[in-house]
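For reference, the chains in residue letters:
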Amino acid sequence: MTHSLASAAASIQSQPAAGNLHSLAVLWARKYYLSVTSQNDEKQQNAENLTEISSKQGRSRTSNKLMQNLTLASAKGWALTETLLSKEIRRHGINPELINPLEIAADIRNLYEKALDAYAEGVAPQRLSVMVGRYCGRVRKKYTSNDPRAIGFVSMQFHHTGQKLLEWLSGSEKELFAPYLKVMDDHMYMPLSAAYEAAAKHELDSPQLQAVQYLLPMSTKIAHSVCDRVARQHPGYHTYTGALNSEMVRISSIRDVEMFQVYLCLCVLESNIRTVQEELFPLCVMLYPRLKVSWTLVQEMLLFMSWEMQERLPLKSVPVFLPYLRTFSEMFSKAVFQNE
């Protein structure tokens, strides 16, 4: 994982199509590593006790503390999830039997245990991204196979459980553990495993695969720029969690913009919008009104995302995304939500 994106891309070009699955996973992990390394380097200079906390003994203590509180964090997380989404089961006509709190909690606990074990062993966040990807993919597939909308409950439960775990940590511990939490959050909210599998079906010179390889490494920078633009447009806007420029809302907003980009990549790789119709759009309709995220914000986010992509991507890759970007914009347009 110490090789550059350029060498990662070169290795992609020298591998058979089946290797695209692993290579795309490496690109995503490398992209994540580059995005957090500079932040962590700055934080390490200011944290007086970070050396001790980041030691093997310190990591083990943090991991054990969180492991002991995982059941309670899960229970508190489900209480929040149920408060937000219980009415959505009936409103969306979801079979209640598909939303089993005990089963969801058990699956999520298993994923968090893997993350905490990796943290205790000093596994780097980018390595964790590769390690847990297939497990998160299995959990996503388990709940989306019967009804893709069920992923809304699973991903929100996962997110709230993680946020509750953070409450037991000191400031320095949070700085160290937050990147691991983001890795897991990304894999639960985003169809990364599906994208890797779709990439494996493409030839090495596929324009779709090459366009996705260009976009993924810069998706975080695009997300930051998009969130900056939206926040400047709405300086006084407050969501369910807080102001747009608050740390917690900004983290979630950046993740959401990245999520839209991953779904966009999946559409390109699969040459259809099935996952957006079955999964992303229902997920947004389920979550955003409850979280007090207006459709105007979503529409502006998509517009700014399109602008950023057209400014940053090579000219030959832009046309690959444009038809799907237009479809995204149409699905989330004012005409669709005019009665809201």
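Note on numbering: residues in each chain are counted from 1, in written sequence order. It should be noted that, the model being predicted, local features are given only for residues of pLDDT at least 70 and side-chain atom pairs only at 80 or more, the latter also being counted only at that level, while totals for whole chains, interfaces and linings use all residues. The side-chain numbers reported here are obtained from all heavy atoms of the structure, hydrogens and water having been left aside.

Comments concerning the overall build of the chain
Thought 1: Helix and strand labels come from DSSP, where a helix needs a run of H or I of at least four residues and a strand needs a run of E of at least two; each type is numbered from the N terminus. Scanning the chain for helices and strands turns up 15 helices and 0 strands.
Thought 2: Buried residues are those whose accessible area, probed at 1.4 Å on protein chains only, stays under 20% of the maximum for their type, while exposed residues exceed 50% and partly exposed ones sit between those limits. By the burial criterion, 55% of the 340 residues in the chain qualify as buried.
Thought 3: In this analysis, two residues are considered to be in contact whenever any of their non-hydrogen atoms come within 4.5 Å of each other. If you take every contact in the chain between residues at least 6 apart in sequence, the share linking residues at least 24 apart comes to 83%.
Thought 4: Accessibility throughout is a Shrake-Rupley quantity obtained with a 1.4 Å probe, and a residue counts as covered only by protein chains that appear here. Per element, the accessible surface of the chain, about 15,400 Å² overall, is 53% carbon and sulfur.

Notes on the side chain of Ser193
Thought 1: Its location among the elements puts Ser193 in helix H10 (residues 192–199).
Thought 2: The residues contacting Ser193, other than those within four sequence positions of it, are Gly133, Arg134 and Gly137.

Focus on the packing of helix H5 (residues 70–91) against helix H13 (residues 274–287)
Thought 1: What counts as an axis is a line fitted to C-alpha atoms, over the stretch in contact for a helix, and the angles between N-to-C directions run from 0 to 180 degrees. Following both chains from N to C, one finds H5 and H13 inclined at 125°, their axes separated by 10 Å at the closest point. The orientation of H5 with respect to H13, classified from their angle, is oblique. Contacts between H5 and H13 involve Leu85, Glu88 and Arg91 from the former and Val285, Met286 and Leu287 from the latter. Roughly parallel covers angles under 35 degrees, roughly antiparallel covers those over 145, roughly perpendicular covers 65 to 115, and oblique covers all other angles.

Section: the confidence of the model for the chain
It should be kept in mind that the predicted coordinates are not to be read in detail where pLDDT is low.
Thought 1: This prediction gives the chain a mean pLDDT of 86; 89% of its residues lie at or above 70.
Thought 2: When the elements of the chain are averaged for pLDDT, helix H1 (residues 5–13) gives the smallest value, 37, and helix H14 (residues 295–312) the largest, 96.
Thought 3: One number per residue, pLDDT, summarises how confident the predictor is, and it ranges from 0 to 100. The low-confidence segment residues 1–16, where pLDDT is below 50, has 23 contacts with residues more than four positions distant or belonging to other chains.
Thought 4: Scored below 50 in pLDDT, residues 42–47 shows 5 contacts in the model against residues more than four places distant or in partner chains.

Some remarks on the environment of Val318
Thought 1: Take Val318: it is sitting in helix H15 (residues 318–331).
Thought 2: Remark: the alpha-carbon pair of Val318 and Ser306, spanning 12 residues in sequence, is separated by 9.5 Å.
Thought 3: Residues in contact with Val318, not counting those within four places in the same chain, are Met309, Gln310 and Leu313.

Focus on the side chain of Ser206
Thought 1: Here Ser206 is to be found in the loop between H10 and helix H11 (207–233).
Thought 2: By relative accessible area, Ser206 is classed as buried at 7%.
Thought 3: Identification of polar contacts relies on pairs of N or O atoms within 3.5 Å, with a donor-acceptor requirement for protein atoms, meaning one able to donate a hydrogen and the other able to accept it, and with residues adjacent in sequence counted only if both atoms are side-chain atoms. At 2.8 Å, the side chain of Ser206 and the side chain of His202 are in polar contact.

Side note on the packing of aromatic side chains
Thought 1: Between rings of Phe, Tyr and Trp, where Trp is taken as its six-membered ring, a pair exists when centres lie within 6.5 Å; planes separated by under 30 degrees are stacked, by over 60 edge-to-face, and by other angles tilted. With the rule as written, the count across this model stands at 12 aromatic pairs.
Thought 2: A ring pair is formed by Trp295 and Phe337, whose centres lie 4.0 Å apart and whose planes are at 10°; its orientation type is stacked. With Trp295 in helix H14 and Phe337 in the segment after H15, the pair connects residues that are 42 residues apart, well separated along the chain. In this pair, the class of Trp295 matches that of Phe337, namely buried.
Thought 3: Three or more aromatic residues joined by ring pairs form one cluster here, namely Phe260, Phe281, Tyr288, Trp295, Phe328, Phe332 and Phe337.
Thought 4: Only when the NZ of Lys or the CZ of Arg is both within 6 Å of the ring centre and within 35 degrees of the ring normal is a charge said to sit over the ring. The ring of Tyr119 carries the charged tip of Arg59 above its face, separated from the ring centre by 4.6 Å.

Re the nonpolar core
Thought 1: The nonpolar core is taken to be a set of buried Ala, Val, Leu, Ile, Met, Phe, Trp, Tyr and Cys residues, with the residues joined through side-chain atoms within 4.5 Å. Ranked by size, the top nonpolar core spans 106 residues in total, and within it Phe260, Met305, Phe321 and Phe332 carry the most contacts.
Thought 2: The biggest single contributor to this core is helix H12 (residues 247–270), with 13 residues.
Thought 3: In this view, Phe332 contacts Phe260, Phe281, Cys284, Trp295, Val298, Gln299, Leu302 and Phe337; residues no more than four positions away in its chain are not counted.

Describing the environment of Ala198
Thought 1: Among the structural elements, Ala198 can be located in helix H10.
Thought 2: Residues Ala198 and Leu266, spaced 68 residues apart in sequence, show a C-alpha to C-alpha distance of 7.2 Å.
Thought 3: Aside from chain neighbours lying at most four places away, what touches Ala198 is Leu266, Leu269 and Glu270.

Some remarks on unusual backbone geometry
Thought 1: At Ser271, a residue that is not glycine, the phi angle is positive and equals roughly 60°.
Thought 2: Within the secondary structure layout, Ser271 lies in the loop between H12 and H13.
Thought 3: By relative accessible area, Ser271 is classed as partly exposed at 49%.
Thought 4: A positive phi is found at Lys292, a non-glycine position, where the angle reads about 60°.
Thought 5: Examined against the element boundaries, Lys292 turns out to sit in the loop between H13 and H14.

A closer look at the pattern of salt bridges
Thought 1: For salt bridges, the criterion is a side-chain nitrogen of Lys or Arg within 4 Å of an Asp or Glu carboxyl oxygen. Following the criterion strictly, the structure yields 20 salt bridges and no others.
Thought 2: Across the salt bridge formed by Glu167 and Lys164, the nearest N and O atoms sit 3.3 Å from each other.
Thought 3: For Lys164, a relative accessible area of 18% puts it in the buried group.
Thought 4: Note that Lys182 and Asp186 form a salt bridge whose closest N and O atoms lie 3.2 Å from each other. With Lys182 and Asp186 both in helix H9 (residues 171–189), this residue pair falls 4 residues apart, about one helical turn.
Thought 5: For Lys182, a relative accessible area of 22% translates into the label partly exposed.
Thought 6: Under the relative-accessibility criterion, Asp186 is labelled buried at 1%.
Thought 7: Overlapping salt bridges, with partners in common, bring together Arg229, Glu308, Glu311 and Arg312 in one network.

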